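Residue strings, one per chain:
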Amino acid sequence: GSQVLLGCSAEGRPPPLLTWFRGPQVLREEPGAEALPLHLAQVSPQDSGTYTCVAENRHGRHNRSLELHVAYAPRPPVLNGTLWVLAGEQ
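Reading the values: rules and limits
All residue numbers here refer to positions counted from 1 along the written sequence of the relevant chain. Only residues with pLDDT of 70 or above have their local features reported here, since the model is predicted, and side-chain atom pairs are shown and tallied only from 80 upward, although totals for entire chains, interfaces and linings are computed over all residues. The side-chain quantities take in all heavy atoms of the structure and omit both hydrogens and water. DSSP-based pairing: two strands are paired if at least 2 bridges between them are found. Secondary structure elements are defined from DSSP: runs of H or I of at least 4 residues count as helices, runs of E of at least 2 residues count as strands, and each element is numbered from the N terminus.

Bridge analysis of strand β2 (residues 17–22) against strand β3 (residues 25–31) gives 6 bridges, and the strand direction is antiparallel. Of the residues in β3, the one forming a bridge with L18 is E30. Between β2 and β3, which follow one another and run antiparallel, lie 2 residues, and G23 among them has a positive phi close to 60°. In the sheet, β2 pairs with strand β5 (residues 49–57) via 6 bridges, with the strands oriented antiparallel. Bridged to L18 within β5 is A55.

Written out as structure tokens, the structure is:
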């Protein structure tokens, strides 16, 4: 449920195209920008994965990847009659 802000910046001549990927999927891109933040609001375990920022111009391509792991904090047990269960579990 927290937010995550991933940063990416690059300089070049000509200014590079910056692109954020999650696996093969393009999440955001901006030509000629020096920085391209990626804001993930209310992350969940489904947002876990490899995120890659690519800077590319006619002279070449450079990238950096990071692995994001999202886990929920332990939930306190909830008493249901005489049976203890974890909140959110069946």
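Attention shifts here to unusual backbone geometry. Both trends apply: most residues other than glycine have a negative phi, and most peptide bonds are in trans. Cis geometry marks the peptide bond from R13 to P14; its omega dihedral reads 0°. Note that P14 resides in the loop between β1 (4–6) and β2. Not every positive phi belongs to a glycine, and Q42 is a case in point at roughly 50°. The topology assignment puts Q42 in the loop between β4 (38–40) and β5.

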